[in-house]
Amino acid sequence: MIYALVACRHDNGIRIALANVTDDDIRCVAVLAHFVTVDLPVIPAGDTYRFTLVDTPDGGLAMAHHDMGPMMLENLLCGMHEDWSRSVGNTDLAAVSGRDRTFRCSVDGDRLACRSP
């Protein structure tokens, strides 16, 4: 599933929650088309970062997060804040359906895994 990143505020749409269920801070990066990345805020242990994907006129979905023009969101990469490069893992955005999509981020071996509960 692919999403677009646009600069607009919406309360409707698909709500994404990244829940940090580890004992340490985690960091996630939005990977956009054309090799652009956007750092999301650090998510403290036990906290959740939320954002909303909204419908666009062309039938796609937009992420209300950044002021760049529309760009496709290809993936969310999350890892432990202190050791990101060795612990980073993919988030399977298409694994969950519905308007509210929660991903619990926990350690799985050497990697951080953000999965649907």
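What you see is a predicted model; the values in this text were computed from it and never measured.

Further remarks concern the overall build of the protein. For the protein, the helix and strand inventory stands at 1 helix and 10 strands. Within the protein, the fraction of its 117 residues that count as buried is 45%. Within the protein, contacts between residues separated by at least 24 positions form 63% of all contacts whose residues are at least 6 apart in sequence. Carbon and sulfur atoms form 48% of the exposed surface of the protein, whose accessible area is close to 6,500 Å².

Per-chain confidence: the protein averages 80 in pLDDT, with 71% of residues scoring 70 or above. Here residues 1-10 scores under 50 on pLDDT; set against residues more than four positions off or in separate chains, the count is 43 contacts.

Under the counting rule described, the total for this entry stands at 2 disulfides. Here Cys28 pairs with Cys78 through a disulfide, and the sulfurs are 2.0 Å apart. The sign of the S-S torsion, about 115 degrees, decides the handedness of the disulfide formed by Cys28 and Cys78: right-handed. Taken together, the positions of Cys28 in strand S3 (residues 26-32) and Cys78 in strand S7 (residues 71-80) put the pair 50 residues apart, joining distant regions of the chain. Neither residue differs from the other here; Cys28 and Cys78 are each classed as buried. Among the cysteines of the protein that take part in disulfides, numbered as they appear in the sequence, the pairing is 1-2, 3-4.

Cut-offs applied
- Residues numbered from 1 in each chain as written.
- Predicted model: local features only at pLDDT ≥ 70, side-chain atom pairs only at ≥ 80, totals over all residues.
- Heavy atoms only, no water.
- Helix = DSSP H or I, 4+ residues; strand = E, 2+ residues; numbered from the N terminus.
- Buried < 20%, exposed > 50% of the residue type's maximum accessible area, 1.4 Å probe, protein only.
- Contact = heavy atoms within 4.5 Å.
- Areas by Shrake-Rupley, 256 points an atom, 1.4 Å probe, with all protein chains shown as cover.
- pLDDT = per-residue confidence, 0-100.
- Disulfide = S-S within 2.5 Å.

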